[in-house]
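Here's the letter readout for the chains.
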Amino acid sequence: MKTRVITAIIALAVFIPLIVYGGWPLTVAAVVLGIVAMSEILIMKKMFLISFEAIISYLGVTLLILPDTWLKFLPTLATRWYAFYILVILLLLHTVIRKQRFSFDDAGVLTLAMMYVGVGFHYFLDIRSYGFIMLLYAMLIVWITDSGAYLIGRQIGRHKLAPKVSPNKTWEGSIGGTVAATVILAIFAYYFTLGEAMGWVIAQTLVLSIFGQFGDLIESSLKRYYGVKDSGKILPGHGGILDRFDSMLIVMPLLHMFIIAFM
């Protein structure tokens, strides 16, 4: 527990100034986090971190994370996806060249991982472009839901939510975490306007809290499939980057969809 607390304090001391300041330091940090998260998946796949497929994966996830303002040198923003497609084709060609060591399944996993991690961190940066308060709102959804689910689940949790994927999670904890996030963030939105009607903020928070928990379960399922306890060891007491950002990788793109649809 002591190690976990110390790691959390150090991480917050570094991370909070980054999200407050935003700009290029946060972009660089997001790219680094994305590459580390990608390396965690490579390790789970028992692939070398310095290999052709690894380098292609790092390039792909970086390409997807970078904000549009950093890619103005491209003919059109759609060129990002053309470039990503070329990287995927290179992975597929690699299955031909190294068919005994790199399979079509491997290429598929890395392609999906690049999109999962890259798009998630891309919209993490995109949400920050709407202001610090909007990003803080999104992060609080994840943090309060997670903390509420843990505390309430420990006290009154009886019915397992997904025993084959994450045996410690309960329905009581899950519902309690979502209720806690919805109530607390309704109060937050009352004092810090998000540019949305209160009724919509409540409904939006409810949906994002639920899907954030799906993000947690998705990553738990990934770890269960590869037989590992944590996605990595970069954060002592907390695991890896995927362990800490699994819910946000789902919440951030969804929040972006809500913003462009209803603001």
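Before going into details, it helps to say that this report is about the structure given with it. Everything numeric in this text was worked out from a predicted model, so none of it was measured.

A word on the environment of L18
Then comes step 1: Mapping L18 onto the fold places it in helix α1 (residues 2-21).
Then comes step 2: As for L18 and F124, which are separated by 106 residues in sequence, their C-alpha atoms are 12 Å apart.
Then comes step 3: Excluding its chain neighbours within four sequence positions, the residues that come into contact with L18 are P25, L26 and A29.

Concerning the side chain of E53
Then comes step 1: With respect to the helices, strands and loops of the structure, E53 is situated in helix α3 (residues 52-65).
Then comes step 2: For the buried residue E53, which engages in no salt bridge, the nearest side chain bearing the opposite charge is R98, 5.0 Å off.
Then comes step 3: At 3.0 Å, the side chain of E53 forms a polar contact with the side chain of H94.
Then comes step 4: Residues within four places of E53 in sequence aside, it is in contact with M47, L91, H94, F102 and L110.

Examining the pattern of salt bridges
Then comes step 1: With the rule as written, the count across this model stands at six salt bridges.
Then comes step 2: The salt bridge partner of K223 is E219, with a shortest N-O separation of 3.6 Å. Residue K223 and its partner E219 are both found in helix α8 (residues 198-226); the two are separated by four residues, about one turn of the helix.
Then comes step 3: For K223, a relative accessible area of 11% corresponds to the buried category.
Then comes step 4: Between D230 and K229 there is a salt bridge, with its nearest N and O atoms 3.9 Å apart.

A look at the environment of D216
Then comes step 1: The residue D216 is located in helix α8 in this model.
Then comes step 2: A C-alpha to C-alpha distance of 5.2 Å links D216 and S247, two positions 31 residues apart in sequence.
Then comes step 3: With near-sequence residues (within four places) excluded, D216 lies in contact with D146, K169, D246 and S247.

Regarding unusual backbone geometry
Then comes step 1: Of note, the phi angle at K46 is positive, near 60 degrees, even though the residue is not glycine.
Then comes step 2: Looking at the element boundaries, K46 is found in the loop between α2 (23-44) and α3.
Then comes step 3: Exposure remark for K46: the relative accessible area of 73% places this residue in the exposed category.

What counts as what
Residues numbered from 1 in each chain as written. Predicted model: local features only at pLDDT ≥ 70, side-chain atom pairs only at ≥ 80, totals over all residues. Heavy atoms only, no water. Helix = DSSP H or I, 4+ residues; strand = E, 2+ residues; numbered from the N terminus. Contact = heavy atoms within 4.5 Å. Buried < 20%, exposed > 50% of the residue type's maximum accessible area, 1.4 Å probe, protein only. Lys, Arg positive; Asp, Glu negative; His and termini not counted. Salt bridge = Lys/Arg side-chain N within 4 Å of Asp/Glu carboxyl O. Polar contact = N/O pair within 3.5 Å; in protein donor to acceptor, adjacent residues only side chain to side chain.

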